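The chain contents come next:
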Amino acid sequence: SAALETLQPLIERDPPEPRDLIAAACIELRKANSEHAKELLERARAAGDDSDALLYNLARAEYYEGDYAKAIGHLDALHERRPDNLSVTILLAQVHEQRAAEDASGGAPSLASAERYFGEVRAAGVEAGGPRYAAATFQLAMLLMRNDREDDADPLFDELDRLKES
């Protein structure tokens with residue numbers, strides 16, 4: 001891509017700026033090249049970067065590769081730093097949900113964590129959460145439905161209907 005070509009000389013210089021490596025990694029993630037993105041992000045980390053952007057994108061790369069435990073580790077650290085960051089909280093919920101669905105070793109604890117983190121996004125309120133609030137409400141309702149908790153899911157679906165009408 002043109003953006004990656006523009007960044008290429010910046011990531012090849014010695015030493016590269018971590019922000020340039022992270023920017024290139026974001027482009028690689030968008031192109032579904034998580035392996036190369038992780039290489040770039042690890043170079044940024046080796047250069048001393050420990051930014052929110054580094055952790056968030058490492059988590060994304062690990063998530064895309066199915067390494068939910070590592071993704072959760074990065075997101076937990078980031079969530080501890082930025083508990084009010086709804087993008088981090090909803091991604092943390094989604095990774096836990098995926099882990100519960102695919103990984104027997106993470107099953108019940110991850111399911112409970114997914115429910116808790118979707119709840120955190122909802123607790124921020126529709127005004128603060130905007131589209132993330134609606135997404136968390138929908139994802140939580142679906143999670144509950146898939147786990148035979150229709151009575152808990154129905155009020156969430158009703159709320160989504162009310163949100164659509166307003």
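Please refer to the structure placed before this passage.
Residues numbered from 1 in each chain as written. Predicted model: local features only at pLDDT ≥ 70, side-chain atom pairs only at ≥ 80, totals over all residues. Heavy atoms only, no water.

**A look at the side chain of His96**
Relative to the assigned elements, His96 resides in helix H6 (residues 86–102). His96 sits in the buried class, given a relative accessible area of 6%. Here Ser110 takes part through its side chain, which lies 3.0 Å from a polar atom of the side chain of His96. Apart from residues lying up to four places away in sequence, His96 is in contact with Ile72, Ser110, Ser113, Ala114 and Tyr117. (Helix = DSSP H or I, 4+ residues; strand = E, 2+ residues; numbered from the N terminus. Buried < 20%, exposed > 50% of the residue type's maximum accessible area, 1.4 Å probe, protein only. Polar contact = N/O pair within 3.5 Å; in protein donor to acceptor, adjacent residues only side chain to side chain. Contact = heavy atoms within 4.5 Å.)

**With respect to the side chain of His74**
Tracing the sequence through the fold places His74 in helix H5 (residues 68–81). What makes His74 buried here is its relative accessible area of 13%. Setting aside chain neighbours within four positions, we find His74 in contact with Arg45, Leu55, Leu58, Ala59 and Glu62.

**Things to note about the environment of Arg81**
Within the element layout of this structure, Arg81 appears in helix H5. Placed 29 residues apart in sequence, Arg81 and Asp52 show a C-alpha to C-alpha distance of 8.4 Å. The contact partners of Arg81, leaving out residues within four places of it in the chain, are Asp50, Ser51, Asp52 and Leu55.

**Here's the deal with helix H10 (residues 150–165)**
Here H10 spans 22 Å end to end across 16 residues, near enough to the 22 Å set by a 1.5 Å rise per residue. Taken residue by residue, H10 has Ala153, Leu156, Glu159 and Leu160 as its buried positions. Angularly, the buried residues of H10 cover 115° about the axis, an arc narrow enough to put them on a single face. Facing away from the buried side of H10 by more than 90 degrees, the exposed set consists of Asp151, Arg162 and Glu165. (Expected span 1.5 Å × (residues − 1). Arc of directions from axis to C-beta.)

**Quick notes on the packing of aromatic side chains**
Throughout the structure, instances matching the rule amount to two aromatic pairs. Taking the centre distance of 6.0 Å and the plane angle of 35° together, the rings of Tyr63 and Tyr64 count as tilted. Residue Tyr64 is classed as partly exposed on the basis of its relative accessible area of 45%. Here the aromatic cluster, defined as three or more aromatic residues joined through ring pairs, consists of Tyr63, Tyr64 and Tyr68. Here the guanidinium or amino end of Arg116 rests over the ring plane of Tyr117, the centre of that ring lying 4.3 Å away. (Phe/Tyr/Trp six-rings, centres within 6.5 Å; stacked < 30°, edge-to-face > 60°. Lys NZ or Arg CZ within 6 Å of the ring centre and 35° of its normal.)

**Quick look at the environment of Asp49**
With respect to the element layout, Asp49 can be found in the loop between helix H3 (34–46) and helix H4 (52–64). Of the residues examined, Asp49 reaches a relative accessible area of 17% and is grouped as buried. A sequence separation of 95 residues divides Asp49 from Leu144, and the C-alpha atoms of the two residues are 38 Å apart. Reaching out from Asp49, the side chain makes a polar contact with the side chain of Ser51 at a distance of 2.7 Å.

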